[in-house]
Every structure is written in C-alpha cells, then in structure tokens.
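Now for the letters of each chain:
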Amino acid sequence: MSSRLCRCRSISALTGLALAVLSIATAQAAGSAPYDLTGPTLEVTVTRADTSLPIAQAPHLAVGDKLSIKADLPATQSEHYVLVVSFLRGPTNPPPKNWFFSCATWKRDCADKTLTVAVPEGAQQALIFLAPETGGDVKTLISAVRGRPGAFVRAAQDLNQATLDRSRLERYLSAIRRLNAGNPAVLKDTTPLLARSLGIRVDEKCLDRLPQLQAPCLMQGQDTLILNDGHSVSMVEALTTGPASDLAMAASSTPQGNYGYYSPYIASLRDLGRLFDSFRVANYQYIPALATAVGQQLTLTLNTPPSFQNPKSVLVAALPAVEQALPPPLHAVSPKDIYCARRDSLVLPVEGAPLVFSTEYAHHIFLRVTGKNGEAIDLPAMADAAQGGFVIDTSPLRTASLEDRFQGSLHGYWGFVKFDGPGFQLVNTQSQTWSSSSADDGSLIVGRANTIHLQAGSVACIDRIMVKDPAGKELRVEWSPVKANEVEINLPLQQSEPGPLTLLVSQYGGMEPHPLELRAYPEAGRFESFSIHAGESHGILKGSRLGDVVSLELKGLEFVPSPSDASAVSDALRLAVKPAAAGGTSATPANAGGTIDASSTAVTTLQQGDTAKAKVTLRDGRSYTVNVAVAPPRPSVELVGKSVQLSARSNESNIELASEDQLPQDAQLVFSVRAKSPATFGRDANIEIASEDEAFATTLSLANRNLTLADAKVAVATFDPAKAFGFSAFGPLKFRVVNSGVAGDWQPLATLVRLPVLQALQCPAAPEQACKLTGSNLFLVDSVSGDPEFKEAIEVPDGFPGRALPVPRPGKRGLYLKLRDDPAVVTSATLAAEELPTPAPPAEVPPAASPAAG
C-alpha cells in the first residue's frame, strides 16, 4: 500500500513537473528581458524525396519529411541533455505517444548525438526540447504536452512568430552597423531601402542628423521597429486557428505590447512568459529559445540563464510548421520602370516579402530572359536589402544576342517548392538619337547651375554623362531619370564662358560615348511688352539688354529695329515692319534720315484692343515670347512741303547748301502738313519739334502764332531754330502732331546746321603750295577738298580756334567742304580764289671792297 502511494506521488510530481516546464524564463520575458544569451547549437537538415535542404532553407515541413537533428554540444559538456522532438496536431487533439522521439545525447545508443525522425501523418506543429537528465524526464514531457496540447501549440506559434520577426530586426541592425562602420554618409540613402525591404519603421528625423549620429538614432526603440508583415503572420497563423491566434494578435495591439500596426514580436514574447509561468513545478521550468537558422545550424538564443538546480531548465524551440507552402508575395516596386540588361550589377527593386531578405527560405533565385534565337538565359539573382531588391549577375549576357526590348521574370525556390516572382521590362544598349527638350532651348546660361532634360527612346542604359565646356574641360555631371525616355541633367556652368558645349552620354556595354552639341549663352535681357498703335507699322519693345534683339515676329509680320533708333541701350527699342513684309515694295523715305514712312507700311491686321504673343529673336539665335498690346490709333500727318528762308548772315557765309533738308541755324523753316488721322485739325492741335536726342524741343501752336490753319485739313508751321533752341543745337530734327493731348509718331523734318563765315581764299602762284582759307567759326567745318569726291581732303581738327587754315587748291568749280553738323552732305564754297603775285627775287649784294694797303 505504501509502495503504491509512493508511486502515485511520484507520478503526480512528474506531472506537476511537466506542467511547470514552460515558466520561469518567460516570466522574465514578460519584463522584456533581452534575448542575448547564446544557447546550444543544433544541426538540422530536412529531406523530402531525394532533396535535402539545410533548416535555414525550409520555411515549412510536410508529412513524410525526414528530419536529422544533431545536438552540437561541446566535448566538455558536463550536464547531460536529452534531445526530444515532439509533433503536435492542434490545440484540441493531444498527440499520440509515438509522436515523441528522444535521444540521450551522452549515451552510445544515440549515434553521434543525432536524432532522425519522419513527420507523421496529421502533424501540424513540431517542437524541440533540450531537457537536463533526471528521472522520468521524457515521460514528464510527454505527459505535459499531451495534458495541455493547446498551450504548446500556442508556444510553437509565438516562438515561430518571434523568430521570423527577430530575423528581420537582426538583419536591419547588422546592416546599419556595417554601413556605419564603412561609410556613415551612405545611411541617408540606404536606410529607406533597408526599411522597405525588411518592413522596418524608420524615424525620418534620424536621417536629418549628422552622419555620425544617424546609426545610434536608427537603432533606438527596437521594440517598435518591426512593422507587421502579412506573409510571416500568415505562416505563423497556419499553426493554429481560433482563440490561440486571436490571443496573439490581440496582445500585439495592447498598449503594453506597444504595437498595433507593428509586428506582434514583443507581444509574443510576453505571452510566452505568462504561458510558461503556468507550468512551473518544483523540479522543472521551461525556457523559450529563439532559433536562428544559418545553413544547417540552428542556434538557440535565450533571455534567461538556464538552471541546473531544481527547478532545472528545459529549453524549448520551435521548428517550421507542417503546412502547405506559402510562396512569398513579391512584387515589383515600380512595374512600369524599365531596366538596362547590360548593367554590370543590375538591381531589380522588389517589396512585399521581408522574409526573402531576412532568411534563406528563398534560394536558387534567377532572372530568366529570352535571347533573339528564343533561347532562355538564366541570370543568378541575390536578395540584397541594402539595395532594395535582387542584384542580378548579367555577365552571361555579354556574348548573348538580345532584342532592343524584352521581358525578364524572377524564378526560384521557396523551400522545396518552386515559385514565380514578378516580371520586369528590360532594354538592351542600342544606338539611338539623343536630343534636349525643346523647352530647354536657349536655357543654358553661364554663371549659374543649369538643369536640362535629355530625351531618347530609353534612358535606362545610361552609365555616365560628361560635359565638355568651351575651354575643352570635361566635367562629370549629376543626372537622374525622370521618365522612361527622359533624364534630368544638372550642369555646373558657374565658371564657364559662353560658347559651345558637348554632352558625352555613355551607355552600359557601349563602345564610344554619344556626343550632343549644345550652347551656353550669356544672361539674356528682360522683355516686358511690345506695344503698337493700330494702323502703324512700328512699335516699342520694353525691357533690358535690347541691343541683342534682331527681330520680332507677330502674326506673320517681321519687325526689325529702326536703323536710326538709338534707344536700344535703354529700356525701350523701336521696331518697324520690314518693307517687304508690308506689301512687297520698299517704302520711300520721307527724307535722308532713313526712317521708314509709317503711312506707307501701316499694319492693317492689328486692331485696337487686340492681345497676342510675339516672338523676340536675339543675335545668338535664342527666342522668347512677349505680350503684345494694340493701343488706339495715334494722330498722324503727312508732310506736304517745306521751304527755308535764309537770313542775311547765312548769305554772307559764302556757303552754298547742297540739300533741301539742311536748315541753317539762323534761317527760318516754313513747312506745311496735311491731317491724316483724324482727317481734320482741332483747335487744340499743335506740332512738337525736337532734336534727335530730344535734348532740345519746342511746340508750335495756334496760340503762339507759329501754327496757322490753311483750312481744316492743312496747317502751315513756322520754325525759328535760333530762337527756339539757341546756338548749340544741331543735327537731325523731327516733328510730330499732338491732338487732344495724344502725340503722334515722330517724323523726320530737317537737319539743323551751323554755318561758318568764309571771308577769303588766297592761293600762291606756285601750284605746289596750299591755299589759305580765312574766316570765322572754322571749327564748324569737318573737312575741305578741291574735288567733290574728296580724294585729297584736308580734315579740320576738332575745336579748331584759328581764323585761317591751309586748304587744297580749288578745282574748276571751286572749293568743297563738309559741315561738322552734317558730314554726309558735300557743300561748296562760293568764294573766288585770289591768286597772290609771285614774290620778286632778292637783290644781289656786291662784294665788299678790300681796304687799301697802308
């Protein structure tokens, strides 16, 4: 009786021990103890049919798979461990006893410390136990698992979830450490790719810090770095259904879990702690172990130091679930993007499956393309989270014949199962035409950085772009693709001179760079507006740097700068219609001033109130648009006739003027005009007369009696330049009519000249000697010649103060001269040459007589 009671107590103790196995260590996990203790290492392989894979490449198990599990314990291991593998079949169906396999690693019957088992029919989960040697250890485990299978199913689920999420976190942290040790400056560009690939939340403020401070910031708050990954969650949830899976997700959404949209990684660990606490007994405690798989090795990581005193610690690790394969939901980041197949290291960006980057589950990945002859070419591919996708080895394509455009698709294995990944559009390096965007014509300005857009059939294969400036210096430029057929280029022209530029575009696999000729220009002027009055053939362009303007095109009419306009150096330029464009005949100038007669070239296609755009063309070929405004018609008159009434002093000057347009300063000009628009003169009409530069101006009106109406359409004006302008005015004069306060266009009137007074012309008898011209104000003479062609002219020095100067002998028709105020016109002197008598030779002096000898 006593023996039976002892035996019952022993069984009860063992059962209690088994129920306590899953406890103490995860109680510390509930307090967020880190998993930083390295535990034992197992070597695990999975064989299905004739194929064997290391455990790191097996995301799931299948019925019939053979597992080879070896406890890689050191030779000096003093504590004996029992290796136990258990299969489960759901939370409500205890597994049979023959689903438990054990191996006493210190005994000879456990060959090479290796346990070989097959996945039984109906199994759904698998756990590994490493239990310290004690009496009834295996039976205790079997009793505990069979007694509460749901708890162990939940443990398997949480351990798998935590293991998968930890793999992403560790891959992220190790990459940050590696990049920070190599070159911290690359973290700003690389971290977003890491985060996208691994499903990691990144605090963007960290990237705004100094490069040396970015890595510590990016690794802070590890509990909240891992974002929820639908693929790994789907894999884990396949372990169980119902309340167990609901509990995991509910816990991950609690404030204590610090998650929600984030992964249930931390919540799973805390749940494990609470779960294992419920199994604590006097002799045993269970410690959860996260299993990190690299190749065949399964390294167990603990967060609680194991105990070899009562309660002793049993290590619990999960194997992949027994389930149907769930291939990774990979997809291209930008399906419409085009990639160059000739790049030495081609990166195809993908997202959607972080486990592809953090584990070895996806293996033997390749990109399949088709050559011109229809042959399939497989290119090795490797997942690289730091580059945000698969890195393709394109070396097999160096000798391949490819189409200009073709498709490629990713393929590989997810564990034992083949899977097909996304497709990509690829291009081959090809000879193509490169051109700059039409919007960039004339936009390259020296003295600043410039941005242009280069277009071609495809820009995916650009390797580098260089620019050769006018000095022949080659510079590497920054560029980035903005469309499949367009690339944006930043040209540093701050120190360049205006002139031709050559862009050199190099493509992957290409032999020689493709040259593209461009031109850099100086800073262009500002063009504000072009205004023209209805019915006129000229207008005013306002802006700056107007001296570079050669033409303006408006509604099929070409305007060019007026030859006599000197305002191009200021903010306004007068532009007139080319004669041929105004009717096919050349306009007749009203005088020698050379200005086109507005009345004969009036533009009838422009009406008052019209608005339009005109194109301004510069000397260097650039063109700009400017707004056009058509103003109301201005008053205009037609010059009918004019006469010059010379003064007595003008008659005494002994100069005969050769042009009717020359107006002596002391003379009086009488001219008549006929009204054109409006057709009659009003009582407030007047005429303004001004010098070319408008430094001198006067007004003739009915009120001051200098303007008289012959009738309603014709007016006669009298102009006295000496009274109006004084004695320092000279050069071309212009006039315009002013009616009701609105001024008409300027028209040429006459050329005001100041006359010197020639008094005498004396010539010596010897023909080789020059004559002498005497008079006053001789500084008003520009040059003097004996012939009208001025073949042998004598120029008068500027500001000559004398009253006599040497001149050539006059010809048969007299002496010719040019006035300084109008040097284009040849005038003649009316003086008759006075021939001086030949001087008498000097008298001979007789020799002096010698004194008488004394």
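Fair warning: this is a prediction, and the values are worked out from it, not measured in the lab.

Within the protein chain, the secondary structure is distributed over twelve helices and 53 strands. Put simply, the protein chain has 854 residues, and 47% of those count as buried. Counting only contacts in the protein chain whose residues sit at least 6 apart along the sequence, the fraction spanning at least 24 positions is 68%. In the structure as shown, the protein chain presents an accessible area of about 40,900 Å², 51% of it carried by carbon and sulfur atoms.

Let us look at the pattern of salt bridges. The final tally for this structure, using the stated rule, is 19 salt bridges. Glu-528 serves as the salt-bridge partner of Arg-526, at 2.8 Å between the closest nitrogen and oxygen. What emerges from the salt-bridge pattern is a single network uniting Glu-536, Arg-574, Arg-634 and Asp-745.

Moving on, we come to the nonpolar core. Leu-194, Phe-390, Ile-392 and Leu-410 are the most contacted members of the largest nonpolar core, which totals 45 residues. Looking at this core element by element, the count peaks at seven residues for helix H4 (residues 149-182). When neighbours within four sequence positions are excluded, Phe-390 is seen to be in contact with Leu-330, Leu-346, Val-347, Leu-348, Val-350, Val-356, Ile-365, Ala-381, Met-382, Ala-383 and Leu-410. Counting 36 residues, the second-largest nonpolar core is a separate cluster that includes Ile-69, Leu-130, Ala-289 and Ala-291.

The subject of this paragraph is the sheet that holds strand E26 (residues 499-507). Read across the sheet, four strands follow the order E23-E22-E26-E27 without closing on themselves; strand pairing throughout is antiparallel. Edge positions in the open sheet fall to strand E23 (474-476) and strand E27 (514-520), since each of these has one partner strand only. With strand direction ignored, the average angle separating the axes of adjacent strands in the sheet is 30 degrees. Inspection of the sheet shows E26 paired to E27 by seven bridges, in the antiparallel sense. Bridge pairing in E27 places Thr-502 opposite Glu-517.

Further remarks concern the confidence of the model for the protein chain. Per-residue confidence for the protein chain gives a mean pLDDT of 81, with 82% of residues at or over 70. Note that pLDDT drops below 50 for residues 1-32; the model gives that stretch 81 contacts with residues more than four away or on any other chain. In the model, residues 581-600 has pLDDT below 50 throughout and makes 31 contacts with residues more than four positions away in sequence or in other chains.

Next up on the list: the packing of aromatic side chains. Summed over the entire model, instances satisfying the criterion amount to 13 aromatic pairs. On the numbers, 6.2 Å between centres and 70 degrees between planes, the contact of Tyr-81 with Phe-308 is edge-to-face. Of this pair, Tyr-81 sits in strand E4 (residues 81-88) while Phe-308 sits in the loop between strand E10 (297-302) and strand E11 (312-318); the two residues are 227 residues apart in sequence, bridging distant segments of the chain. Residue Phe-308 is classed as partly exposed on the basis of its relative accessible area, which comes to 36%.

As for its position among the elements, Glu-486 is in strand E25 (residues 486-492). Here Glu-486 occupies a buried position and makes no salt bridge, while the nearest side chain of opposite charge, Lys-483, is found at 4.3 Å. Other than its neighbours up to four places away in sequence, Glu-486 contacts His-453, Leu-454, Gln-455, Val-459 and Pro-481.

In this section: the environment of Asp-189. Here Asp-189 lies in helix H5 (residues 187-198). A C-alpha to C-alpha distance of 9.5 Å links Asp-189 and Ala-386, two positions 197 residues apart in sequence.

So, about unusual backbone geometry. At the junction of Ser-677 and Pro-678, the peptide bond is cis and its omega measures out at -5 degrees in the coordinates. You will see that His-364, though not glycine, has its phi angle at about 55 degrees, which is positive.

What follows is about H5. In an α-helix, one full turn covers 3.6 residues, which means residues spaced three or four apart are oriented alike. In this model H5 runs 15 Å from its N-terminal to its C-terminal C-alpha over twelve residues, within 8% of the 16 Å that 1.5 Å per residue would give. Of the positions making up H5, those classed as buried are Leu-187, Thr-190, Thr-191, Leu-194, Ala-195, Ser-197 and Leu-198. End-on view of H5: buried residues confined to an arc of 165 degrees, all on one side of the axis. Positioned one or two residues after H5, Gly-199 has a phi angle of 65 degrees, which is positive.

With their axes 11 Å apart at the nearest point, H4 and H5 run at an angle of 170 degrees to one another. With respect to H5, the axis of H4 lies roughly antiparallel. Here H4 runs over H5; the crossing is right-handed. Across from Arg-168, Arg-171, Tyr-172, Ala-175, Ile-176, Leu-179 and Asn-180 in H4, the residues of H5 making contact are Leu-187, Thr-190, Thr-191, Leu-194 and Leu-198. Class assignment for the residues of the contact of H4 with H5 results in seven nonpolar, three polar and two charged.

The next point concerns the sheet that holds E25. Either a parallel or an antiparallel arrangement is found when strands of a sheet pair, and the pairing is made through backbone hydrogen bonds. Read from one edge of the open sheet, four strands run E20-E21-E25-E24, paired in antiparallel fashion. The sheet is open, and its two borders are formed by strand E20 (435-436) and strand E24 (478-483), each paired with just one other strand. Bridge analysis of strand E21 (residues 449-455) against E25 gives seven bridges, and the strand direction is antiparallel. Within E25, the residue paired with Thr-451 across the bridge is Asn-490.

Conventions and cut-offs
Residues numbered from 1 in each chain as written. Predicted model: local features only at pLDDT ≥ 70, side-chain atom pairs only at ≥ 80, totals over all residues. Heavy atoms only, no water. Helix = DSSP H or I, 4+ residues; strand = E, 2+ residues; numbered from the N terminus. Buried < 20%, exposed > 50% of the residue type's maximum accessible area, 1.4 Å probe, protein only. Contact = heavy atoms within 4.5 Å. Areas by Shrake-Rupley, 256 points an atom, 1.4 Å probe, with all protein chains shown as cover. Salt bridge = Lys/Arg side-chain N within 4 Å of Asp/Glu carboxyl O. Core = buried A, V, L, I, M, F, W, Y, C linked by side-chain atoms within 4.5 Å. Pairing = 2+ DSSP bridges. Axes fitted to C-alpha atoms, helices over the stretch in contact; angles between N-to-C directions. pLDDT = per-residue confidence, 0-100. Phe/Tyr/Trp six-rings, centres within 6.5 Å; stacked < 30°, edge-to-face > 60°. Lys, Arg positive; Asp, Glu negative; His and termini not counted. Expected span 1.5 Å × (residues − 1). Arc of directions from axis to C-beta. Parallel < 35°, antiparallel > 145°, perpendicular 65-115°, else oblique. Left-handed = near helix turned anticlockwise from the far one by under 90°. Nonpolar A, V, L, I, M, F, W, Y, C, P; charged D, E, K, R; others polar.

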